[in-house]
Amino acid sequence: MKTRNTIQRQLVLDSVVQLGDHPTAEEVYERVRSIYPDISLATVYRNLNLLAETGRLFKISVPGAADRFDHNNLPHYHLKCSRCGRLFDLSLAYRPSLDEEARQNSGCSVTGHEIIFHGFCPDCKGGEES
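Residues numbered from 1 in each chain as written. Predicted model: local features only at pLDDT ≥ 70, side-chain atom pairs only at ≥ 80, totals over all residues. Heavy atoms only, no water.

A. The overall build of the chain, seen in detail. When you go through the chain residue by residue, the secondary structure sums to four helices and five strands. Secondary structure elements of the chain occur, N-terminal to C-terminal, as α-α-α-β-β-β-β-α-β. Overall size of the chain, expressed as C-alpha extent along the three principal axes, is 50 × 40 × 25 Å. Long-range contacts, defined as pairs at least 24 residues apart, comprise 48% of the intrachain contacts of the chain with a sequence gap of at least 6. Accessible surface computed for the chain: about 8200 Å², of which carbon and sulfur atoms make up 50%. Put simply, the chain has 15 plus and 17 minus side-chain charges, and the middle of one group is 4 Å from the middle of the other. (Helix = DSSP H or I, 4+ residues; strand = E, 2+ residues; numbered from the N terminus. Contact = heavy atoms within 4.5 Å. Areas by Shrake-Rupley, 256 points an atom, 1.4 Å probe, with all protein chains shown as cover. Lys, Arg positive; Asp, Glu negative; His and termini not counted. Charge placed at Lys NZ, Arg CZ, Asp CG, Glu CD.)

The following block contains the structure:
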């Protein structure tokens, strides 16, 4: 899909990269609005989704929470802190073989996978881990 690059789209992409911590659409909106006050939240959502559809960003669907956006669009895993809610990239080898295992196990057509681990980040883990 070929799309033209607008000022708003570039500001949205730049904001995701600069924030660097898997921001929500609301967080991106606040960042862009500080630079470009006339932008609407709908425009930010539309551009985030378009950037994800075209592969420039990775959209992370977090059950029970707002979607997050990642400028690292290579396959990788995440950890969501159960206390502060932050999302972290994991330096864990991506296993494409899981797609084939899931296909064989389910009989379904598997096109990919995302895994979000749950636990406590270094700032929050204080006596919570077991």
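B. Representation of the side chain of Asn47 in the model. Relative to the helices and strands, Asn47 is located in helix H3 (residues 41–53). With residues near it in sequence (within four places) discarded, Asn47 still touches Thr6, Gln8, Arg9 and Val12.

C. Region of interest: the sheet that holds strand S4 (residues 87–89). Read from one edge of the open sheet, three strands run S4-S3-S5, paired in mixed fashion. Two strands in the sheet have a free side with no partner beyond their single neighbour: S4 and strand S5 (116–119). The mean angle between the axes of side-by-side strands here comes to 30 degrees, regardless of whether they run parallel or antiparallel. Bridge analysis of strand S3 (residues 78–81) against S4 gives three bridges, and the strand direction is antiparallel. If you follow His78 over to S4, its bridge partner there is Asp89. (Pairing = 2+ DSSP bridges. Axes fitted to C-alpha atoms, helices over the stretch in contact; angles between N-to-C directions.)

D. Structural context of unusual backbone geometry. At His22, a position not held by glycine, the phi torsion is positive, near 60 degrees. By the element assignment, His22 lies in the loop between helix H1 (7–19) and helix H2 (25–35).

E. Structural view of the pattern of salt bridges. For the structure on display, the rule yields five salt bridges. Close ionic contact of Lys59 with Asp67 constitutes a salt bridge, the shortest N to O distance being 3.5 Å. A salt bridge links Arg103 to Glu100; its shortest N-O distance comes to 2.4 Å. Taken as a pair, Arg103 and Glu100 lie in helix H4 (residues 97–106) at a separation of three residues, close to a single helical turn. (Salt bridge = Lys/Arg side-chain N within 4 Å of Asp/Glu carboxyl O.)

F. Representation of the packing of H1 against H2. One can describe the packing of H1 onto H2 by two numbers: an axis separation of 9 Å at closest approach and a directional angle of 115 degrees. In the packing of H1 onto H2, the handedness of the crossing is right-handed. Residues Leu11, Val12, Ser15, Val16, Gln18 and Leu19 of H1 form the contact with H2, whose participating residues are Glu27, Val28, Arg31, Val32 and Ile35. Its residues placed into classes, the contact of H1 with H2 shows seven nonpolar, two polar and two charged. (Left-handed = near helix turned anticlockwise from the far one by under 90°. Nonpolar A, V, L, I, M, F, W, Y, C, P; charged D, E, K, R; others polar.)

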